[in-house]
Amino acid sequence: MTRQQLHGLAALLLITGGGLFIFTETVPPAVAGLACTVTAGLLLLLAWYRDKSK
């Protein structure tokens with residue numbers, strides 16, 4: 001995947017994770033939102049690493 005595709009996927013995960021945090025009142029969806037946020041961060045690190053290695 002290209003850097004732009006990874007950034008787009010990370011943005012979608014952040015939007016989804018934020019929505020799960022805001023619009024839910026129970027713990028399991030909030031944990032899923034946290035997992036989405038962490039995954040988005042990892043994707044951004046992967047994109048940075050790929051860009052740096054060129």
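Because the structure is a prediction, the values reported are computed rather than measured.

## Focus: the environment of Leu14
Working step 1: Following the sequence through the fold, Leu14 ends up in helix α1 (residues 3-23).
Working step 2: Taking the C-alpha atoms as reference points, Leu14 and Pro29, 15 residues apart in sequence, are found 14 Å from one another.

## Quick look at the packing of α1 against helix α2 (residues 27-52)
Working step 1: At a closest axis distance of 8 Å, the pairing of α1 and α2 adopts a crossing angle of 165°. It follows that α1 is roughly antiparallel to α2 by the angle criterion. Crossing angle aside, the handedness with which α1 passes α2 is left-handed.
Working step 2: In the contact of α1 with α2, the residues fall into 17 nonpolar, six polar and three charged.

Conventions adopted
- Residues numbered from 1 in each chain as written.
- Predicted model: local features only at pLDDT ≥ 70, side-chain atom pairs only at ≥ 80, totals over all residues.
- Heavy atoms only, no water.
- Helix = DSSP H or I, 4+ residues; strand = E, 2+ residues; numbered from the N terminus.
- Axes fitted to C-alpha atoms, helices over the stretch in contact; angles between N-to-C directions.
- Parallel < 35°, antiparallel > 145°, perpendicular 65-115°, else oblique.
- Left-handed = near helix turned anticlockwise from the far one by under 90°.
- Nonpolar A, V, L, I, M, F, W, Y, C, P; charged D, E, K, R; others polar.

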